[in-house]
Amino acid sequence: MLPDTCDVVVVGAGNAAFCAALAAAEHDVSVLVLERAPESEAGGNSRFTAGAMRCVYDGVDDLKALMPDLTDDEIRNTDFGSYTEDKFFDDMGRVTEYRADPDLTELLVRRSRETMRWMRQKGVRFAPIYGRQAFKVDGRFKFWGGLTVEAWGGGPGLVAALTEAAGRARITVAYEARGLSLIADDDGVTGVRVRHAGRTRDVSAKCVVLAAGGFEANAEWRTRYLGPGWDLAKVRGSRFNTGDGIRMALDIGAQPTGNWSGCHAVGWDRNAPEFGDLSVGDNFQKHSYPWGIMINAGGERFVDEGADFRNYTYAKYGRVILSQPGQFAWQVFDNKVLHLLRDEYRIKRVTKARADTLEELVGRLDDVAPERALATIRAYNAAVQTDVPFNPNVKDGRGTSALGVPKSNWANTIDEPPFEAYAVTCGITFTFGGVKIDTDARVIDTEGAVIPGLYAAGEMVGGLFYFNYPGGTGLMAGSVFGKIAGSSAGRCAAQRP
């Protein structure tokens, strides 16, 4: 049964929510986590991720503090490089077209390292992202794109570790407990109305942290805010992220902010289910497009697949795919790069074509004009600057010439059989619009004032991402602002009568 009262109530049970709950519990207050999903589907979008977390590190010593089981051989055979605060700031500014809220961005960057160490102290384990973020060249791995660390066991491992930490901290987690509305008066928020076990009841609280995700699983809201056609997008993650937390906050006067018409959207298997499938997790994604080309139903290329590292383009290319005829595309590769394809290309539930000639391949691309596709591939092959060396670990400048849609890096001719192609559509991960918070994660109302007793974190916070985002920043932001929100709520609850 739910308690009638609790010092701090956290709405949500993903990465941001659990970081908030754990930080609040450090202030010796009682904490209740409300999870809308049943326990078998709990964890929000965090559970569907691959677990990558973008954080500042100055060198291998910082990484060893997070991953003490790094071996001497791994360190000797790997160029981990560094990812400085300045580089993180540059990436955030560049990919969001300098619209990201400067105060929130500063917190995200400057607290990323200490937050990761705090999570490690709570029992979360981390590992280097070999395979997805480093390729072996001349006998040595080199990490690229500023993304080096992931949670052990990916998103499921992260959620499991945080859930175990919550148990050790005596935090109560209620499953199938949907927050319906906030209880609030002129003095601020005093609790949450909850639907649990078929009954509606009120839980009084001194402070409430909302960390219930965005509205990506709400087709009506997607169409309303993202625009026509977005009702057709696949949902990569939780079917329960329908905007409840945002709605609850807006209903009591919270200020909406951020890129409400924007979202994180990627290339996702064309025949994936409408919502995420935990048995497959993140493996419906198809992120090796920089090594090949993408062709739409008209048989045309439509985007520069090598514009930048995958980390800086994948979150916006889903939108581009959604805008193509039929809302799909085919990614095409040849034998030269098949060994570079990520593990997600090798799962059983994949929409794939394979052939020993290009003529056969284009004939097997469902719903594509084959003659035009063949002409596009041949024109692309003729334009590749084969005199420039190919190197997947750096932006190698191996591009094309005289094409209407260029490829700026990693351009390889598609001429060595066997040939493979993979059908993708748009998979939406999370929405960028949300509620406004200050640097203590307090929710701000439409008059610019703090709503007493109300805090927010995670994907329902607006103002941090616009148009795009650097890979791994979503989980990192959830952890940073979850910790801030929980600490603020815990301090407030300890002092509030």
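Residues numbered from 1 in each chain as written. Predicted model: local features only at pLDDT ≥ 70, side-chain atom pairs only at ≥ 80, totals over all residues. Heavy atoms only, no water.

*Asks:* Could you give an account of the environment of Met460, with specific residues and numbers?
*Replies:* When you line up the elements, Met460 lands in the loop between β22 (450-456) and α13 (473-495). In the structure, Met460 is positioned 26 residues away from Gly434 in sequence and 4.9 Å away in space, judged by C-alpha atoms. Beyond its immediate stretch of four places on either side in the chain, Met460 contacts Leu210, Ala211, Ala212, Gly213, Gly214, Gly245, Ile246, Gly434 and Val435. (Helix = DSSP H or I, 4+ residues; strand = E, 2+ residues; numbered from the N terminus. Contact = heavy atoms within 4.5 Å.)

*Asks:* Outline the packing of aromatic side chains, supporting the account with residue identities and numerical values.
*Replies:* Ring pairs (aromatic) are described by centroid distance and by the angle formed between their planes. A full pass over the atoms with the stated rule returns 27 aromatic pairs. Both rings, one in Tyr83 and one in Phe88, keep their centres 5.4 Å apart while their planes meet at 45 degrees; by these two values the pair is tilted. Phe88 shares its class with Tyr83; the two are buried. Note on Tyr130 and Phe143: the rings are 5.5 Å apart at their centroids and 50 degrees apart in plane angle, and the pair reads as tilted. (Phe/Tyr/Trp six-rings, centres within 6.5 Å; stacked < 30°, edge-to-face > 60°. Buried < 20%, exposed > 50% of the residue type's maximum accessible area, 1.4 Å probe, protein only.)

*Asks:* Before we move on, can you summarise helix α6 (residues 112-121) with the specific residues and values?
*Replies:* Turning to α6, its buried residues are Ser112, Thr115, Met116, Trp118 and Met119. Projection of α6 onto a plane perpendicular to its axis shows the buried side chains occupying an angular sector of 160 degrees, all on one side. Phi for Gly123, located one or two positions after α6, is positive at around 110 degrees. (Arc of directions from axis to C-beta.)

*Asks:* Give me empty space enclosed by the protein: which residues, what numbers.
*Replies:* A complete count under the given rule lists 5 cavities of 30 Å³ or more for this structure. If you trace the second largest cavity, you find 14 residues lining it, with Gly458, Val461, Leu464, Phe465 and Ala477 closest to the centre. Those elements that place two or more of their residues in the lining of the second largest cavity are β19 (419-431) and α13. For the lining of the second largest cavity, the element with the most residues is α13, which contributes 4 residues. (1 Å grid on protein atoms, 1.4 Å probe; cavity = no way out; pocket = protein on both sides within 12 Å on 5 of 7 lines; lining within 4 Å. Points joined across faces, edges and corners; volume = space filled by probe spheres on them.)

*Asks:* Summarise the layout of surface pockets; cite the residues concerned and give the values.
*Replies:* Each pocket or cavity is described by its volume, and for the largest pocket that value is around 370 Å³. Taken together, 25 residues line the largest pocket, and the ones lying closest to its centre are Ala50, Arg132, Asn283, Asp343 and Glu344. Here the lining of the largest pocket gets 3 residues from one element, more than from any other, and that element is helix α7 (residues 154-168). In this structure, the second largest pocket is lined by 19 residues; those nearest its centre are Ser82, Tyr83, Trp144, Gly145 and Gly146. Breaking the lining of the second largest pocket down by element, the ones donating at least two residues are α4 (85-95) and β7 (140-143). Here the lining of the second largest pocket is composed, by residue class, of 8 nonpolar, 5 polar and 6 charged. (Nonpolar A, V, L, I, M, F, W, Y, C, P; charged D, E, K, R; others polar.)

*Asks:* Can you lay out helix α9 (residues 244-251) for me, pointing to particular residues and giving the numbers?
*Replies:* Every buried residue belonging to α9 is among Asp244, Gly245, Ile246, Met248 and Ala249, and all of these are buried. On the buried face of α9, the contacting elements are β10 (177-185), β11 (188-196), β12 (199-210), α8 (219-226) and β20 (434-435). Phi turns positive, to about 100 degrees, at Gly253, one or two residues after α9.

*Asks:* Describe the pairing of β22, with residues and values.
*Replies:* The buried count for β22 comes to 5 of 7 residues, which makes it a mostly enclosed element. In the sheet, β12 pairs with β22 via 3 bridges, with the strands oriented parallel. What sits directly across from Val208, in β22, is Leu454. Two strands pair when backbone bridges link them, and strand β21 (residues 442-444) and β22 are joined in this way by 2 bridges, in the antiparallel orientation. By the bridge assignment for β22, Arg442 is matched with Tyr455. The antiparallel hairpin formed by β21 and β22 contains 5 residues in its connecting segment, where Gly448 sits at a positive phi of about 90 degrees. (Pairing = 2+ DSSP bridges.)

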